[in-house]
Amino acid sequence: FYEYNDLDQIIISVALVKPKPGIFVKSIQYVLVVATTVEIILLGVEFQNDHVEMPLTLYPTQYVLPSDNIAMLKMIGTPEGRILMAGKDGNIYELQYDAQDSWLKKKCRKSNITSSTVSDIASAFTSLIFAYQADPIVDMCYDGSRVPGCLYTLTANNVVSCYNLDPKSASVSLVARNSNVYDDAAKISPSHIGAKSNFKIISIFPVTKNADEFMLLAVTNHGDRIFFRLPSYSLYSPAAHQFSVGLVRLSLSVFKSKSPSFVHKAYYSNSVLLLAGNEKQILAGIMSDTDSVRGKVIETGEIKPQENRTDEITETHTL
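Residues numbered from 1 in each chain as written. Predicted model: local features only at pLDDT ≥ 70, side-chain atom pairs only at ≥ 80, totals over all residues. Heavy atoms only, no water.

*Asks:* For this particular structure, what's the right way to read unusual backbone geometry?
*Replies:* Where the residue is not glycine, phi is negative for most of them; where a peptide bond is considered, it is trans in most cases. Not every positive phi belongs to a glycine, and D68 is a case in point at roughly 55 degrees. Counting through the fold element by element, D68 comes out in the loop between β4 (56–66) and β5 (72–77). Phi is positive for N158, which is not a glycine, with a value near 65 degrees. Along the chain, N158 falls in the loop between β10 (149–155) and β11 (160–165). (Helix = DSSP H or I, 4+ residues; strand = E, 2+ residues; numbered from the N terminus.)

Shown next, in the form of structure tokens:
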């Protein structure tokens, strides 16, 4: 356990990311990105003996930049060391850093990679005036297993988007978007998806390649799972396509009457979904597998009562 208390600002979001090659000393295995109401800072993370179960130390770095009045609600890193940030203004930003300043750019900077050059220059000004009109990006995830890489975003108004994120380029291009997720899901499961006024997507997760070519999983506030798909050619097309709903799986079909009535946190990896919620503080798990004989998907679930509220679920990896 390590406590870092050198900040006197409200922390909005944090992310543990891989460092860019050749910037830090070898012992810095990760970088902790901290976004506050005022600035964004990078901290070097060092584990004793290079093992995550050993004591850790956080080191301040020279990489600090102002937030420009834009709250970064979600931050993620790519395997190549890129740092992507989802702004409350509805744009995606990239934090870039180099070993030193150059004639044309500062060693630590951020750029708006989903807007034009003009709006990028004026982002600080427009965020003060028009932020209330934006649809904030509340969740974001990256799938590097597909070529080119896919960046997915979720907004507060349940709009799901897919971007082409080329590891060799600093720009992104919109591939697909769906702003009518509820209507599409209701067509597939009209009697069980619930009322539109109570419908909310809380998290999105990339799906590894499978026979049905589902690319993305969205989890709702009732624990229902919505899978999205795209034609394979879409990733290479510059035009925006419809991000279609291909499958809806209900938590009610797994847990029956014990299904969570409200979910506030979810985590998905390798066909296993964990849900946290309910007024009774529960942790629910759903595992999906395919019957090798019949070819059908078999799902099993389990619910565990918790003494306290679960505010975060994540997965640890050994260095």
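*Asks:* Any chance you could explain the nonpolar core here in plain terms?
*Replies:* The tendency in soluble globular proteins is for nonpolar side chains to be buried side by side. Judged by nonpolar contacts, the single largest core of 25 residues is most densely connected at Y152, I226, F228 and F243. Only β10, β11, β12 (172–178), α3 (181–188), β13 (201–206), β14 (214–220), β15 (225–229) and β17 (244–249) provide two or more residues apiece to this core. Ignoring sequence-local partners within four residues, the contact set of Y152 consists of D139, M140, C141, D143, R146, S161, C162, I204, P206, M215, L216 and F243. Formed by 18 residues, the second largest nonpolar core is a distinct cluster that contains V33, I40, M75 and L95. (Core = buried A, V, L, I, M, F, W, Y, C linked by side-chain atoms within 4.5 Å. Buried < 20%, exposed > 50% of the residue type's maximum accessible area, 1.4 Å probe, protein only. Contact = heavy atoms within 4.5 Å.)

*Asks:* Whenever I open this one, the sheet that holds strand β1 (residues 11–17) confuses me. Can you help?
*Replies:* One key point about sheets: their strands pair by backbone hydrogen bonds, in either a parallel or an antiparallel sense. Here we have four strands laid out as an open sheet, ordered β1-β2-β3-β4, and antiparallel in their pairing. Looking at strand neighbours, the two that pair on one side only are β1 and β4, the edges of this open sheet. Strand-to-strand twist across the sheet, computed as the mean angle between neighbouring axes with direction ignored, equals 20 degrees. (Pairing = 2+ DSSP bridges. Axes fitted to C-alpha atoms, helices over the stretch in contact; angles between N-to-C directions.)

*Asks:* Can you help me understand the sheet that holds β14 in this one?
*Replies:* Across the sheet, four strands lie side by side as β13-β14-β15-β17; this open sheet has antiparallel pairing. Every other strand in the sheet has two partners, leaving β13 and β17 as the edge strands with one partner each. Averaged over all pairs of adjacent strands, the angle between their axes in this sheet comes to 25 degrees, without regard to strand direction. Contacts between α3 and the sheet are confined to β13, β15 and β17, with β17 contributing the most and set at about 55 degrees to the helix.

*Asks:* Looking at this structure, how should I read the environment of Y267?
*Replies:* Within the element layout of this structure, Y267 appears in strand β18 (residues 263–269). Distance from Y267 to T314, taken between C-alpha atoms, is 6.8 Å for residues 47 residues apart in sequence. At a separation of 2.7 Å, a polar atom in the side chain of Y267 contacts the side chain of E315. (Polar contact = N/O pair within 3.5 Å; in protein donor to acceptor, adjacent residues only side chain to side chain.)

*Asks:* Would you explain the pairing of β18 in this entry?
*Replies:* Residues in a regular strand project their side chains so that they alternate between the two faces of the sheet. Counting buried residues in β18 gives six out of seven residues, a clear majority hidden from the surface. When β18 meets strand β19 (residues 272–277), the two strands line up antiparallel, connected through six bridges. From the neighbouring strand, Y267 faces β19, where its bridge partner is L274. Connecting β18 to the antiparallel partner β19 that follows it, the hairpin turn spans two residues, and N270 within it adopts a positive phi of roughly 50 degrees.

*Asks:* What is the right way to read the pairing of β15 from this model?
*Replies:* Extensive coverage of β15 is indicated by the burial of four of its five residues. Two strands pair when backbone bridges link them, and β14 and β15 are joined in this way by five bridges, in the antiparallel orientation. The partner of F214 across the bridge, within β15, is R229. Where β14 folds back on β15, the antiparallel hairpin that results is connected by four residues, among which G223 adopts a positive phi of roughly 85 degrees. In this structure, β15 lies alongside β17, joined through five bridges in antiparallel fashion. In the strand pairing of β17, F227 is matched with L247.

*Asks:* Quick question: what am I supposed to make of the packing of aromatic side chains here?
*Replies:* Two measures describe an aromatic ring pair: the distance that separates the ring centres and the angle between the ring planes. Across all of its chains, the model carries seven aromatic pairs by this definition. For the pair F24 and Y63, a centre-to-centre distance of 5.9 Å together with 80 degrees between the ring planes defines the contact as edge-to-face. In this pair, F24 is assigned in the loop between β1 and β2 (28–36) and Y63 in strand β4, connecting sequence segments 39 residues apart. The exposure class of F24 is partly exposed, given its relative accessible area of 21%. Ring centres 5.2 Å apart and planes at 70 degrees place the aromatic pair Y182 and F199 in the edge-to-face group. Residue Y182 is found in helix α3, and its partner F199 is found in the loop between α3 and β13; the two are separated by 17 residues along the sequence. For K18, the ring lying beneath its charged end belongs to Y30, and the centroid distance is 4.9 Å. The lysine or arginine in question, K20, covers the ring of Y97, its NZ or CZ lying 5.5 Å from the ring centre. (Phe/Tyr/Trp six-rings, centres within 6.5 Å; stacked < 30°, edge-to-face > 60°. Lys NZ or Arg CZ within 6 Å of the ring centre and 35° of its normal.)

*Asks:* How should the pattern of salt bridges be read in this particular structure?
*Replies:* A side chain with one charge can pair with a side chain of the opposite charge if their charged atoms come near. Taken as a whole and assessed by the stated rule, the structure comprises 10 salt bridges. Ionic pairing is found between D183 and K196, a salt bridge with its closest N-O pair at 3.5 Å. Of this pair, D183 sits in helix α3 while K196 is found in the loop between α3 and β13, placing the two residues 13 residues apart along the sequence. Salt bridges here are not isolated pairs; linked through shared partners, they connect K20, D98, K105 and R109. (Salt bridge = Lys/Arg side-chain N within 4 Å of Asp/Glu carboxyl O.)

*Asks:* Whenever I open this one, the side chain of T155 confuses me. Can you help?
*Replies:* Here T155 is to be found in strand β10. Excluding residues within four positions of it along the chain, T155 makes contact with D135, P136, I137 and V138.

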